[in-house]
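Summary of the model geometry
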Amino acid sequence: MLFRSATLVVKSPGIPEKAAIVGALREKGIELVSEIEFASWFTRGEIIAITGTNGKTTTTLLTYHLLRTAGLDAALGGNVGKSFAANVAERESSIHVLELSSFQLDDIRRFRPRIAGAGIAAGAAPSTRSASRRFGAHAYPISRARAQHRREQAHELRVRACVRACVLSSHPPPSSRP
């Protein structure tokens, strides 16, 4: 097999989950991550992720335009503009505005956009309802990751407050675990 010594593979969203190579990699226990997940590990910029069945491109382009017009350093990526990984590799931006398809959200683990939005069509045709269910399934990991991020931030704030209080009062700090 081509990936004998690999421990991690970055999967293109164009490779279907049913592809034999994906099954073989999963069977060998090799971690697969999306390009979106991988690129997110290497940016310090804030991420605005826009997904859904309706209005992704319009919302993404409008958001990008508003940020740039306001003078902010924003990059456009995902399904519009360059890939997120190319943006991160070429030049770090303070904000990444990403249009993401459900396929790009496959195999995300720790991807935590600062802002996430999903446009889902209500009362649409059967094919759109199927797509809506698929997007809904991907909105959950994003919201779960955001909730975990908020818990980590809250814990960090509690620890900082405790340390400040202990330094000011010269008492030993209590356990930092909630």
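Scroll up a little and you will see the structure.
Here we summarise the structure given alongside this text. (Residues numbered from 1 in each chain as written. Predicted model: local features only at pLDDT ≥ 70, side-chain atom pairs only at ≥ 80, totals over all residues. Heavy atoms only, no water.)

Turning to the overall build of the protein, a few remarks are in order. Secondary structure assignment for the protein yields six helices and six strands. The helix and strand sequence of the protein, counted from the amino end, reads β-α-β-α-β-α-β-α-β-α-β-α. Within the protein, the fraction of its 178 residues that count as buried is 35%. Taking all contacts inside the protein whose residues are at least 6 apart in sequence as the whole, residues at least 24 apart take part in 62%. Accessible surface, the protein: about 10,700 Å² in total, of which carbon and sulfur atoms supply 58%. (Helix = DSSP H or I, 4+ residues; strand = E, 2+ residues; numbered from the N terminus. Buried < 20%, exposed > 50% of the residue type's maximum accessible area, 1.4 Å probe, protein only. Contact = heavy atoms within 4.5 Å. Areas by Shrake-Rupley, 256 points an atom, 1.4 Å probe, with all protein chains shown as cover.)

Let's shift gears to empty space enclosed by the protein. As enumerated under the stated definition, the model contains one cavity of 30 Å³ or more in all. As a volume, the largest cavity reaches approximately 40 Å³. Lining the largest cavity, in full, are Lys11, Ser12, Pro13, Ser34, Glu35, Ile36, Phe103, Gln104, Asp106 and Asp107. Going through the elements one at a time, α2 (35–40) and α5 (102–105) are the ones with two or more residues in the lining of the largest cavity. (1 Å grid on protein atoms, 1.4 Å probe; cavity = no way out; pocket = protein on both sides within 12 Å on 5 of 7 lines; lining within 4 Å. Points joined across faces, edges and corners; volume = space filled by probe spheres on them.)

The next thing to look at is the pairing of strand β3 (residues 46–52). On any regular strand, side chains alternate: one points to one face of the sheet, the next to the other face. Most of β3 is tucked away, with six of its seven residues classed as buried. By the bridge criterion, five bridges tie β3 to strand β5 (residues 95–99) in an arrangement that is parallel. Across the sheet, the residue bridging to Ile48 is Val97, located in β5. Pairing between β3 and strand β6 (residues 115–119): five bridges, direction parallel. Bridge pairing in β6 links Thr51 to Ala118. (Pairing = 2+ DSSP bridges.)

With that settled, consider the packing of aromatic side chains. This structure, assessed with the given rule, holds two aromatic pairs. Through a chain of ring-to-ring contacts, the aromatic side chains of Phe38, Trp41 and Phe42 assemble into a single cluster. (Phe/Tyr/Trp six-rings, centres within 6.5 Å; stacked < 30°, edge-to-face > 60°.)

Let us look at the nonpolar core. With 11 residues, the main nonpolar core is built from Ile36, Ala39, Ile47, Ala49, Phe84, Val88, Leu98, Leu100, Leu105, Ile108 and Phe111. Here Ile36 is in contact with Phe84, Leu100, Gln104 and Phe111, once residues within four sequence places are set aside. Counting residues in hydrophobic clusters, the runner-up holds six residues, among them Ile48, Ile50, Ile95 and Val97. (Core = buried A, V, L, I, M, F, W, Y, C linked by side-chain atoms within 4.5 Å.)

A word on the sheet that holds β5. Strand order in the open sheet formed by four strands is β4-β5-β3-β6, and the pairing between neighbours is parallel. Both edges of this open sheet fall to β4 (74–78) and β6, since each of them pairs with a single strand only. Taking each pair of neighbouring strands and ignoring which way they run, the sheet shows an average axis angle of 15 degrees. Bridge analysis of β4 against β5 gives five bridges, and the strand direction is parallel. Note on β5: the bridge partner recorded for Ala74 is Ile95. Docked against the sheet, helix α3 (residues 56–69) engages β3, β4 and β5, running at close to 165 degrees with respect to β5. (Axes fitted to C-alpha atoms, helices over the stretch in contact; angles between N-to-C directions.)

No statement about biological role is implied by the geometric values presented.
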